[in-house]
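# A structural walkthrough
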Amino acid sequence: MSKIADAAERVVRPIVEANGMELVEVEFKKLYGTPTLTIYIDKPGGVSLDDCELIHRAIDAPIDELDPTEGMPYNLNVSSPGLDRPLKSPGDYRRKLGEKVEVSLYAPLDGKKKYIAVLSGATDEEITLQDGDKTIKIQLKQIAAAKPYIEF
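### What about the side chain of D92?
Along the chain, the position of D92 falls in helix 3 (residues 90-95). Residue class for D92 comes out buried when judged on its relative accessible area of 3%. Within the structure, D92 has its side chain in polar contact with the side chain of R95 (distance 2.3 Å).

Here it is in structure tokens:
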């Protein structure tokens, strides 16, 4: 995480949590050529546009006071994580327990580098997938990419 995102996270986290939501991620990067600070929030049942507006209004003044970019102009966005957002942290995996996920590995495990299965467990070090009657334990450090599996 960047220094700007780290500083913003320290200010934003208590505000988001005080409003009954979870801070999923703070990201600072150029979006369409413009520096953008994006605050990703979630809550059980999902986040509405009203939730995003509420948090945006609540963090606007504290973020301005923090001035994380030291005067450089930037856009501030508040968003839900989205349906297809990659799973990055142990918290991301815990939020998807009981759901089907797609996991790609750096190296084969039991002869496979890609698994599509139900996420049945998650700790800070590993996840557990249930593929029919087969249980697969995968260390987080073995995972190259993971995301929710979306069936059409």
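### Remarks on the sheet that holds strand 8 (residues 143-148)
As a general point, the strands of a sheet are linked pairwise by backbone hydrogen bonds and lie either parallel or antiparallel. Spatially, five strands are ordered 7-6-5-4-8 in an open sheet, and the strand pairing comes out antiparallel. Two strands lie at the open edges of the sheet, namely strand 7 (134-139) and strand 8, each paired on one side alone. Going from strand to strand, the sheet's axes swing by 40 degrees on average, the running direction of each strand aside. Note: strand 4 (residues 100-109) against strand 8, five bridges, orientation antiparallel. Of the residues in strand 8, the one forming a bridge with S104 is A145.

### A closer look at the pairing of strand 7
Summarising the sheet, strand 6 (residues 126-131) and strand 7 pair through six bridges and their orientation is antiparallel. Bridging across to strand 7, E126 finds its partner in Q139. As consecutive antiparallel partners, strand 6 and strand 7 are separated by two residues, and within that stretch G132 has a phi angle of approximately 65 degrees, a positive value.

### Overview of the packing of aromatic side chains
Following the criterion strictly, the structure yields zero aromatic pairs and no others. One Lys or Arg, R85, reaches over the ring of Y40 and ends 5.8 Å from the middle of that ring.

### Describing the side chain of T128
Note that T128 resides in strand 6. A polar contact of 3.2 Å, which involves the side chain of T128, links it to the side chain of K137. Apart from the residues lying within four places of it in its own chain, the contact partners of T128 are V118, L119, S120, G121, T135, I136 and K137.

### Overview of helix 1 (residues 3-18)
Across its 16 residues, helix 1 extends 24 Å between first and last C-alpha, which sits within 8% of the 22 Å expected from 1.5 Å per residue. In helix 1, a bend of some 35 degrees at V12 exceeds every other bend along the element, and P14, a proline, comes one to four places later. Where helix 1 is concerned, the buried positions are I4, A5, A7, A8, E9, V12, I15 and V16. Positioned one or two residues after helix 1, G20 has a phi angle of 75 degrees, which is positive.

### A closer look at the environment of S79
Relative to the assigned elements, S79 resides in strand 3 (residues 75-79). In the structure, S79 is positioned 26 residues away from E53 in sequence and 9.2 Å away in space, judged by C-alpha atoms.

Reading guide: rules and limits
Residues numbered from 1 in each chain as written. Predicted model: local features only at pLDDT ≥ 70, side-chain atom pairs only at ≥ 80, totals over all residues. Heavy atoms only, no water. Helix = DSSP H or I, 4+ residues; strand = E, 2+ residues; numbered from the N terminus. Buried < 20%, exposed > 50% of the residue type's maximum accessible area, 1.4 Å probe, protein only. Polar contact = N/O pair within 3.5 Å; in protein donor to acceptor, adjacent residues only side chain to side chain. Pairing = 2+ DSSP bridges. Axes fitted to C-alpha atoms, helices over the stretch in contact; angles between N-to-C directions. Phe/Tyr/Trp six-rings, centres within 6.5 Å; stacked < 30°, edge-to-face > 60°. Lys NZ or Arg CZ within 6 Å of the ring centre and 35° of its normal. Contact = heavy atoms within 4.5 Å. Expected span 1.5 Å × (residues − 1). Bend = angle between axes of the 7 residues up to and from the residue.

The analysis is restricted to geometry; functional conclusions fall outside its scope.
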